[in-house]
Amino acid sequence: MSAEPAAAASPNRPVLSVQDMSIQFKLPQGWITAVDRVSFDLRQGEVVGIVGESGSGKSQILLSLMGLLAGNGRCSGSAVFEGQQLLNRPPKELDAIRGSTMSMIFQDPMTSLNPYMRVSDQLTEVLTAHQGKSKAEALEVAIEMLERVRIPEARRRIRLYPHEFSGGMRQRVMIAMALLCRPEVLFADEPTTALDVTVQAQILELMAELARDMRTAVAIVTHDLGVIARLCDRVIVLYGGRIMEQGSLDEIFYDPKHPYTKGLLASTPRLDEKVHGELRTIPGQPRAAMGDFPGCPFEPRCALRIDRCRAEMPALLGDDKGRAVACHVSGV
Amino acid sequence: MWSYTLRRTLGSVPTLLALCVITFFMMRVAPGGPFSGNRRVSPEFVKLMEDAYHLNDPLWQQFWTWFNGVLHFDLGPSLKLRDYNVSELIAIGLPTSLEVGAWAMLLSTLVGVVLGIAGALRRNGPIDYSAGAIAMVGVAVPIFVIGPLLQIVFGLQLRWLPVARWDDSWQCRVLPVLTLALPNIAYVSRLMRSSMIETARTNYVRTARAKGIGEWRTILKHALRGAIMPVVAYLGPATAVTISGSVVVETVFSIPGIGRFFVESVANRDYPLIMGVTLLYGAIVIAANLVTDIARGLLDPKVSYE
């Protein structure tokens, strides 16, 4: 199926390498840290899930990489993609990359498409801007891509406006838009959160299939462990803007080391277990301001905490296969 | 769209009718009459004059006579400007008012939109602050102050433009158009600025940025379309008000427009002229709103004409 030339490098070549990325936001009370020294690699063709609860900074990581950080935000560290630094790059230079070799699918398909433009115009402008195609050529490629994301009657429907599509169909349009230039890297920010449960599965399968066909590396941000289990090769667990644990899907799901990962998995309701009384939760609330204290952000809610946890953030230690845990008590 | 226009036009008939009825009877409730101001005329003569214009007939009959005339495109005679009937007065004043008003609207829309976008894109920069200052002046200073100020500066001191004259030269039109446009420039630029800032924060503009199509294309193709909607909605009624003649501007610059007739007709209790101009203003407002709604329908695919 793939029309791509066989990759010259090894299949595990990292296409995106993020080192010590921190993101801060200026609030009336000063700068607060949303993401604190996060490092990870994204390798060709792999699907990496970034999980964490609301406010753990997971969406901000993707937005910063795309140069879409809010006006009151700043980021530091390094993110190298195709030999180019992404962080703090002027928008003009990023425009050569984003939409082309690096693209993004957003959370809310109801508001993420332009309500005043035909779908055809929204799709073809990507191709005319990046590949210099004529309008007619671009339209044919766009129709083909809509067919690939299984929008029936694509040739007719491409002329419609977004409000004439259902939520699931709009997210298919978003996926088509992101994949038009066959990107090396695709970011997905909770792509199914706003959709019906029945549609979610279809969209996820579609994304996984297309990414596999195009050998696109995917970083998907979600708080839904079901999405992770269905789609991902590797998982990064984020809490309070820091990586708590990372590893392969099996390692995270069947052999979690970090107390937060364990708590997260234990809180997932399962169909094969009878629930007695209330659903299980992790007691406590996430800290309001993050990263401005020396210890582990999970320490206040952690059952295994020791004195050291409050004083010192544990380093993320692991083996060379990408398995790593940041915990004083239970390491790899 | 044509059936929509037709339906809206027909739907405006009851509105105009209600406007006529209310204006007609309210003017009659107000004390005084067209001939009551002149003390040197004997009561007998006043009675004679009132009889001549059927002003002593029962009110409903007067209304019917007038209304019947309207149906036959006859707005009746002017009670004060004896040599003219109302239709002639409108034909004299309206083109001038339309001309000044149309230029003022064109100027205020162009300048307002450009200033608004510039302010939104370079927020808190020099352009934004200058635009804000112009807007503040335009909103806060009434046009009967702005007009004479412009006359003093450009007419009397710099001697670039005539103070108050009306002929075919473009020089006569600059100051009145500018005076009339300034408050609208102020309002449109503020509206455009806030709307643009809001639209620039929407998810779909973020999507456009993520597509890497360039900042200018993002602004002009994606953000502007949504941001201009509130401005379009404002322009309709504003155009109606502006082109139907500004009494103040016409008085300050001695422009023979229709705005003066309107105010004088009320002061003189020139009933047919009041009714004629009111009907005209009503029709202009309705037409402007219709044009606005059609324009919004063309700009926003979610608006349907059904």
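What you see is a predicted model; the values in this text were computed from it and never measured. For every chain, the first residue of its written sequence is number 1, and the numbers climb from 1 along that sequence. By the order in which they are written, chains take letters starting at A while ligands take numbers starting at 1. Totals for whole chains, interfaces and linings use every residue, but because this is a predicted model, local features are given only for residues with pLDDT of at least 70 and side-chain atom pairs only at 80 or more, for both listing and counting.

1. Remarks on the overall build of chain B
Thinking step 1. Secondary structure follows DSSP: runs of H or I at least 4 residues long count as helices, runs of E at least 2 residues long count as strands, and numbering of each begins at the N terminus. Of regular secondary structure, chain B possesses 13 helices and zero strands.
Thinking step 2. Across chain B, helices and strands are ordered from the amino to the carboxyl terminus as α-α-α-α-α-α-α-α-α-α-α-α-α.
Thinking step 3. A buried classification covers 35% of the 306 residues belonging to chain B.
Thinking step 4. Contacts are defined on C-beta atoms placed from the backbone: any two residues whose C-beta positions lie within 7 Å are in contact. Long-range contacts, defined as pairs at least 24 residues apart, comprise 73% of the intrachain contacts of chain B with a sequence gap of at least 6. With C-beta atoms placed from the backbone, the exposure class of a residue follows from how many other C-beta atoms lie within 10 Å of its own: 20 or more, buried; 12 or fewer, exposed; in between, partly exposed.

2. Structural notes on the overall build of chain A
Thinking step 1. Secondary structure assignment for chain A yields twelve helices and twelve strands.
Thinking step 2. Its C-alpha radius of gyration of 21 Å places chain A within 12% of the 20 Å reference for a compact globule of 332 residues.
Thinking step 3. Here chain A holds 332 residues, and 44% of them are scored as buried.
Thinking step 4. In chain A, the proportion of contacts linking residues at least 24 apart, taken out of those at least 6 apart, comes to 64%. Here the globule rule reads 2.2 Å times residues to the power 0.38, and the radius of gyration is calculated from C-alpha atoms.

3. Some points on the packing of helix α10 (residues 229-243) of chain B against helix α13 (residues 271-299) of chain B
Residue and element names in this part refer to chain B.
Thinking step 1. The angle between two axes is taken between their N-to-C directions and runs from 0 to 180 degrees, where each axis is a line fitted to C-alpha atoms and a helix contributes only its stretch in contact. Running from N to C, α10 and α13 point in directions that differ by 160°, and their axes come no closer than 8 Å. In this view, α10 runs roughly antiparallel relative to α13, as classed from their interaxial angle. The handedness of the crossing between α10 and α13 is right-handed. Counted together, Met-229, Val-232, Ala-233, Leu-235, Gly-236, Pro-237, Thr-239, Ala-240 and Ile-243 of α10 and Ile-284, Val-285, Ala-288, Asn-289, Val-291, Thr-292, Ala-295, Arg-296 and Leu-299 of α13 form the full contact between these two elements.
Thinking step 2. Along the lines of polarity and charge, the residues of the contact of α10 with α13 split into 13 nonpolar, four polar and one charged. Oblique is the label for every angle not falling under 35 degrees (roughly parallel), over 145 degrees (roughly antiparallel), or within 65 to 115 degrees (roughly perpendicular). Handedness of a helix crossing follows the sense of rotation of the near helix relative to the far helix, less than a right angle counterclockwise being left-handed and clockwise being right-handed. Each residue is assigned to one of three groups, with Ala, Val, Leu, Ile, Met, Phe, Trp, Tyr, Cys and Pro labelled nonpolar, Asp, Glu, Lys and Arg labelled charged, and all others, Gly among them, labelled polar.

4. Focus on the environment of Val-174 of chain B
All names here are of chain B.
Thinking step 1. As for its placement among the helices and strands, Val-174 is situated in helix α7 (residues 171-200).
Thinking step 2. Of the residues examined, Val-174 has 16 C-beta atoms within 10 Å and is grouped as partly exposed.
Thinking step 3. In this structure the C-alpha to C-alpha distance between Val-174 and Trp-103, which are 71 residues apart in sequence, comes to 9.4 Å.

5. Focus: the UniProt feature "transmembrane region" (unreviewed entry) in chain B
Thinking step 1. Mapped onto this numbering, the UniProt entry gives "transmembrane region" (unreviewed entry) at residues 12-30, 102-121, 133-154, 174-192, 231-253 and 273-292 of chain B.
Thinking step 2. With 100% helix and 0% strand, residues 102-121 of chain B has its two end C-alpha atoms placed 28 Å apart. UniProt positions are given in the numbering used here, feature names are shortened, and annotations may be inferred rather than shown by experiment.

6. Examining the pairing of strand β4 (residues 73-81) of chain A
Thinking step 1. Between any two strands, pairing holds if DSSP finds at least two bridges. Taken together, the eight bridges between strand β1 (residues 14-27) of chain A and β4 of chain A define a ladder with antiparallel strand orientation. Bridging from a neighbouring strand, Ser-17 of chain A pairs with Val-80 of chain A of β4 of chain A.

7. Focus: the nonpolar core
Thinking step 1. When buried Ala, Val, Leu, Ile, Met, Phe, Trp, Tyr and Cys residues are joined through C-beta atoms within 7 Å, the set is termed a nonpolar core. Grouped together as the largest cluster of nonpolar side chains are 94 residues, with contacts concentrated most on Ala-142, Ala-176 and Leu-180 of chain A.
Thinking step 2. The leading source of residues in this core is helix α7 (residues 167-179) of chain A, at eight residues.
Thinking step 3. Setting aside anything within four residues of it in sequence, one finds Leu-180 of chain A in contact with Leu-123, Val-126, Leu-127, Val-141, Ala-142 and Met-145 of chain A.
Thinking step 4. In terms of nonpolar packing, the next biggest core, distinct from the first, is built from 40 residues, Leu-150, Ala-186, Leu-191 and Phe-253 of chain B among them.

8. Topic: the UniProt feature "domain: ABC transporter" (unreviewed entry) in chain A
Thinking step 1. The UniProt feature table records "domain: ABC transporter" (unreviewed entry) at residues 18-265 of chain A.
Thinking step 2. Helix makes up 40% of residues 18-265 of chain A and strand 27%. Its end C-alpha atoms lie 26 Å apart.

9. A few points about the sheet that holds strand β10 (residues 242-248) of chain A
Residues and elements named next belong to chain A.
Thinking step 1. Here eight strands make up an open sheet; going across it, the order is β6-β7-β8-β3-β9-β10-β12-β11 and the pairing mixed. The sheet is open, and its two borders are formed by β6 (102-105) and β11 (317-318), each paired with just one other strand.
Thinking step 2. In this structure, β11 lies alongside strand β12 (residues 324-325), joined through two bridges in antiparallel fashion. Among the inter-strand pairings, Leu-317 is bridged to a residue of β12, identified as Val-325.

10. Focus: the interface of chain A and chain B
Thinking step 1. Taken residue by residue, the interface counts 26 residues in chain A and 20 residues in chain B.
Thinking step 2. For the side of chain A that touches chain B, the secondary structure elements donating two or more residues are α2 (91-94), β6, α3 (109-112) and α4 (119-131) of chain A.
Thinking step 3. Of the residues forming the side of chain A that touches chain B, the biggest block, four residues, is contributed by α4 of chain A.
Thinking step 4. Looking at the side of chain A that touches chain B, its residues break down into 14 nonpolar, eight polar and four charged.

11. Here we look at the confidence of the model for chain A
Thinking step 1. Mean pLDDT for chain A: 87, with 92% of residues reaching 70 or above.
Thinking step 2. In this model residues 1-10 of chain A is a low-confidence stretch, pLDDT under 50, and it forms eight contacts with partners more than four residues away in sequence or in other chains. Every residue carries a pLDDT, the predictor's confidence in it, which falls somewhere between 0 and 100.

12. So, the sheet that holds β1 of chain A
Residues and elements named next belong to chain A.
Thinking step 1. What the four strands build is an open sheet, ordered β2-β1-β4-β5; its pairing is antiparallel. One side of each edge strand has no neighbouring strand; the edge strands of this open sheet are β2 (30-43) and β5 (84-85).
Thinking step 2. Strands in contact with helix α1 (residues 58-65) are β1, β2 and β4; relative to β2, the strand with the most contacts, it is inclined by about 75°.

13. Here's the deal with α13 of chain B
Residue and element names in this part refer to chain B.
Thinking step 1. For α13, built from 29 residues, the straight-helix expectation of 42 Å at 1.5 Å per residue is met to within 8% by its first-to-last C-alpha distance of 42 Å.
Thinking step 2. Restricting attention to buried positions, one finds in α13 the residues Tyr-271, Pro-272, Leu-273, Ile-274, Met-275, Gly-276, Val-277, Thr-278, Gly-282, Val-285 and Ala-288.
Thinking step 3. Check the buried side of α13 and you find it contacts α1 (2-29), α3 (59-71), α4 (86-121), α10 and α12 (258-268). What a helix is expected to span follows from its residue count: subtract one and scale by 1.5 Å.

14. Concerning the pairing of β6 of chain A
Residue and element names in this part refer to chain A.
Thinking step 1. Residues Met-102 and Met-104 line one face of β6 and the alternating positions Ser-103 and Ile-105 line the opposite face, and both faces are buried.
Thinking step 2. Direction of pairing for β6 relative to strand β7 (residues 185-189): parallel, over a ladder of four bridges. Looking at β7, one finds that Ile-105 is bridged to Ala-188.

15. With respect to the environment of Leu-235 of chain B
All names here are of chain B.
Thinking step 1. In this fold, Leu-235 is placed in helix α10.
Thinking step 2. Along the chain, Leu-235 and Leu-19 lie 216 residues apart, while their C-alpha atoms are 23 Å from each other.
Thinking step 3. Here Leu-235 is in contact with Thr-109 and Thr-292, once residues within four sequence places are set aside.

16. Here we look at the packing of helix α8 (residues 203-210) of chain B against helix α9 (residues 215-227) of chain B
Residue and element names in this part refer to chain B.
Thinking step 1. Between α8 and α9, the shortest axis-to-axis distance is 10 Å and the interhelical angle comes to 150°. With respect to their mutual orientation, α8 and α9 come out roughly antiparallel. The hand of the α8/α9 crossing is right-handed. Along the contact surface, α8 presents Tyr-204, Val-205, Ala-208 and Arg-209, while α9 presents Thr-218, His-222 and Ala-223.
Thinking step 2. In the contact of α8 with α9, the residues fall into four nonpolar, two polar and one charged.

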